[in-house]
Amino acid sequence: RRFCQVKRVPESERDHAKEALKKEKAVKFKKLSSEVIRRRREQLLDDESMKLTAKVLEINPEFYTAWNLRRLIIDQSLKGEQQGGQPQQEAPP
């Protein structure tokens, strides 16, 4: 007798789907984390770096390099405000 009329997916298919999602998440994290590290190394302290760190921290909140980059961006922004000017932005390419 069927109770909910819900088709059951075999466990092997569910496991395969879970593994595919984990792999996709890992690839995305690797790409984002590499970009965060590059921006940290090059001292690119702009809005784009802040957005990028937010994305990577959604995936892994224990990625301390991203937190440190955010702190640097905020520090720079606060220093710019204390000096009475706008926060310094990177020069356009």
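See the structure above.
Before going into details, it helps to say that this report is about the structure given with it. If you're wondering where the values come from, they're calculated on a predicted model, not measured in any experiment.

The next thing to look at is the overall build of the protein chain. Along its length, the protein chain carries 3 helices and 0 strands. Beginning at the N terminus, the succession of helices and strands in the protein chain can be written as α-α-α. Per-residue burial for the protein chain yields a buried fraction of 23% across its 93 residues. Split by element, the accessible area of the protein chain, about 8,000 Å² in all, is 52% carbon and sulfur.

Summed over all chains, the structure comprises 5 salt bridges. Residues E35 and R39 are paired through a salt bridge, measuring 3.2 Å at the closest nitrogen-oxygen approach. A residue pair is termed a helical-turn pair when its members lie 3 or 4 positions apart in one helix, as E35 and R39 do in helix α1 (residues 11-41) at 4 residues. In this structure R39 comes out as buried when scored by relative accessible area, which is 9%. With a closest N to O distance of 2.8 Å, E42 and R38 form a salt bridge.

As a further point, take the nonpolar core. Counting residues in each nonpolar core, the largest one holds 14 residues, and the members touching the most others are V36, V56, F63 and A66. For this core, the elements supplying multiple residues, two or more each, are α1, α2 (47-59) and α3 (64-82). Here this core takes 5 residues from α2, the largest share from any one element.

Quick notes on the rules
Residues numbered from 1 in each chain as written. Predicted model: local features only at pLDDT ≥ 70, side-chain atom pairs only at ≥ 80, totals over all residues. Heavy atoms only, no water. Helix = DSSP H or I, 4+ residues; strand = E, 2+ residues; numbered from the N terminus. Buried < 20%, exposed > 50% of the residue type's maximum accessible area, 1.4 Å probe, protein only. Areas by Shrake-Rupley, 256 points an atom, 1.4 Å probe, with all protein chains shown as cover. Salt bridge = Lys/Arg side-chain N within 4 Å of Asp/Glu carboxyl O. Core = buried A, V, L, I, M, F, W, Y, C linked by side-chain atoms within 4.5 Å.

Spatial relationships are all this shows, so hold off on functional conclusions.
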